[in-house]
Amino acid sequence: MENKETVSVIIPCYYSEKTIAKAVHLAREELLRLGYDYEFVLVNDGSTDGTFAQIRALCAEDAKVKGVDLSRNFGQHSALMAALAYVTGDYVMGMDDDLQTHPSQFSRLLQKMEEGEYDIVYGWYPKKHHSWFRNFGSSFERWTMQVLTGRPKWLHTSSFWIARSFVCREALRYAGPYPHLSGLLLRVTRNVANVELEHFDRMEGHSGYNLKSLIRLWSTATNFSVLPLRFSLLCGALFGAAGIIGAILVVIQKLLDPTVLTGWSSLMVVILLAAGMNLICLGLVGEYVGRMFMIANHQPQYVVRTELNMGTENCQTKK
């Protein structure tokens with residue numbers, strides 16, 4: 001069968017020494033079976049096991065496999081941005097290294113994309129094989145992005161997706177730290193679709209996401225909206241109005257009944273609530289100021305230590 005378009009598969013790798021080779025082999029076989037040409041961009045996101053050794057072996061056996069070794073762990077979305085800098089295909093497909101996003105589902109994503117109406121197609125899982133904690137974090141992140149970015153409520157994003165190359169090139173224009181790839185892609189187009197896929201069990205190990213990393217991922221939503229700042233302004237206005245109304249009521253009550261004693265407990269509750277809201281609002285403002293500070297100081301999204309199958313294997317920095 002004559003090959004169609006080229007599909008660039010990007011995979012962020014984190015402690016995937018035992019899974020990445022099988023993931024690449026299965027994905028390559030499936031793309032060839034479907035009649036597509038292929039390339040892979042494998043990014044080692046700071047793994048200290050044998051992950052990059054496996055990537056090096058895959059690059060040695062197939063010139064269409066590109067390897068990137070980051071200098072430390074920068075996070076999944078930064079690793080994906082690193083991969084996007086090296087893709088050359090007509091379509092770009094994102095998948096995980098643990099075979100939960102299984103190559104057997106490629107045909108459904110590609111068939112939807114070949115309809116011609118969509119620029120991005122996300123896989124959607126009616127049933128996920130994740131822990132309740134990971135599912136809760138994903139649901140909360142999805143709700144946050146809906147509120148802050150206007151993402152359609154019906155749209156389910158995931159780490160298994162395919163997009164046209166121009167969408168990814170436009171997303172690469174974002175040069176600041178703390179990228180959120182779904183948010184960047186959806187800034188480019190609203191021609192997006194979901195396709196139902198099967199979610200598989202992990203082949204090895206466990207998820208690299210913990211509470212800290214989920215909070216860090218959620219906080220990247222502030223890159224796309226000033227709504228949290230407006231929320232803090234609204235809270236300040238409401239508490240200020242409540243304070244004025246309360247003061248007026250206290251004065252009226254005291255005038256009507258001079259024997260009324262003001263309550264220490266109620267006063268402390270008001271002070272604590274007001275102080276808490278002040279700290280929340282200051283924290284939101286500080287988050288924005290801190291990110292501006294990081295951008296002004298040119299904090300990189302990632303730093304590349306080594307490149308494989310790209311004509312050079314030297315050190316370079318990407319901002």
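Our subject in this report is the structure included herewith. Note that the structure is predicted; figures quoted are calculated from it, not measured.

### Brief notes about the overall build of the chain
The secondary structure content of the chain amounts to ten helices and nine strands. The 319 residues of the chain split such that 45% are buried. For the chain, the exposed surface amounts to about 16800 Å²; the carbon and sulfur share of it is 61%.

### Section: helix α1 (residues 20-34)
Taking 1.5 Å of rise per residue, the 15 residues of α1 would be expected to cover 21 Å, and the 21 Å separating its terminal C-alpha atoms lies within 8% of that figure. Along α1, the positions that sit buried rather than exposed are I20, A21, A23, V24, A27, R28, E30, L31 and L34. The secondary structure elements touched by the buried residues of α1 are β1 (6-13), β2 (37-44), α2 (51-61), β3 (65-70) and α4 (106-113). Just past α1, the residue G35 takes up positive phi, approximately 90°.

### Things to note about the packing of aromatic side chains
Under the counting rule described, the total for this entry stands at three aromatic pairs. Measuring from ring centre to ring centre gives 5.8 Å for Y38 and F40, while their planes differ by 55°; the resulting arrangement is tilted. F40 matches Y38 in its accessibility class, with the two residues each being buried. Of note, K64 hangs over the ring of Y38, and the distance from its end group to the ring centre comes to 4.9 Å. Seen from the ring of F74, R72 lies directly overhead, with NZ or CZ sitting 3.9 Å from the centre.

### Let's talk about the side chain of S182
On the secondary structure map, S182 appears in helix α7 (residues 181-188). Once residues lying within four places of it in the same chain are set aside, the contact partners of S182 are H77, Y122, R151 and T157.

### Description of the pattern of salt bridges
Taken as a whole and assessed by the stated rule, the structure comprises nine salt bridges. In this structure, the salt-bridge partner of D37 is K64, at a minimum N-O distance of 2.7 Å. Of this pair, D37 sits in strand β2 while K64 sits in the loop between α2 and β3, placing them 27 residues apart in sequence. A relative accessible area of 19% means that D37 is categorised as buried. A salt bridge links D119 to R164, with the nearest nitrogen and oxygen atoms 3.7 Å apart. Of this pair, D119 sits in the loop between α4 and β5 (120-124) while R164 sits in strand β6 (residues 161-164), and the two are 45 residues apart along the sequence. Residues joined in a network through salt bridges with shared partners are R28, E61 and D62.

### A word on the packing of α1 against α2
Where α1 contacts α2, the two axes come as close as 9 Å, and the packing angle between them is 30°. Contact residues: α1 offers I20, A21, V24, H25 and R28, while α2 offers Q54, L58 and E61.

### A word on the packing of helix α3 (residues 76-84) against α7
Between α3 and α7, the least distance of the axes is 9 Å, while the angle of their chain directions is 50°. Considering their axes alone, α3 and α7 lie oblique with respect to each other. Only L181, S182 and L184 of α7 make contact with α3, whose side of the interface consists of H77, L80, M81 and L84. Its residues assigned to classes, the contact of α3 with α7 comprises five nonpolar, two polar and no charged.

### Comments concerning the pairing of β3
Most of β3 sits inside the fold, with six of its six residues counted as buried. Judged from the five bridges that link them, β2 and β3 form a sheet pairing that is parallel. Bridge pairing links V41 to K66 in β3. As paired strands, β3 and strand β8 (residues 302-308) are joined by four bridges and run antiparallel to one another. Pairing of G67 across the sheet is with L308, part of β8.

### Brief notes about the pairing of β2
In terms of residue burial, β2 counts as a mostly covered element, since eight of its eight residues are buried. Burial of the side chains of β2 extends over both faces: D37, E39, V41 and V43 are buried on one face and Y38, F40, L42 and N44 on the other. In terms of strand pairing, β1 meets β2 through eight bridges, oriented parallel. Each residue of the ladder has a partner; that of S8, found in β2, is E39.

### Looking at a nonpolar patch on the surface
Together, L234, L238, F239 and L273 line one region of the surface with nonpolar side chains, adding up to about 380 Å² of accessible area. Looking at the nonpolar patch, the element that brings in the most residues is helix α9 (residues 227-256), giving three residues. For L273, the location among the structural elements is in helix α10 (residues 264-296). Using a relative accessible area of 49% as the deciding quantity, one classes L273 as partly exposed.

Conventions and cut-offs
- Residues numbered from 1 in each chain as written.
- Predicted model: local features only at pLDDT ≥ 70, side-chain atom pairs only at ≥ 80, totals over all residues.
- Heavy atoms only, no water.
- Helix = DSSP H or I, 4+ residues; strand = E, 2+ residues; numbered from the N terminus.
- Buried < 20%, exposed > 50% of the residue type's maximum accessible area, 1.4 Å probe, protein only.
- Areas by Shrake-Rupley, 256 points an atom, 1.4 Å probe, with all protein chains shown as cover.
- Expected span 1.5 Å × (residues − 1).
- Contact = heavy atoms within 4.5 Å.
- Phe/Tyr/Trp six-rings, centres within 6.5 Å; stacked < 30°, edge-to-face > 60°.
- Lys NZ or Arg CZ within 6 Å of the ring centre and 35° of its normal.
- Salt bridge = Lys/Arg side-chain N within 4 Å of Asp/Glu carboxyl O.
- Axes fitted to C-alpha atoms, helices over the stretch in contact; angles between N-to-C directions.
- Parallel < 35°, antiparallel > 145°, perpendicular 65-115°, else oblique.
- Nonpolar A, V, L, I, M, F, W, Y, C, P; charged D, E, K, R; others polar.
- Pairing = 2+ DSSP bridges.
- Patch = residues over 30% accessible without salt bridge, like charges linked within 9 Å, V, L, I, M, F, W, Y side chains within 5 Å.

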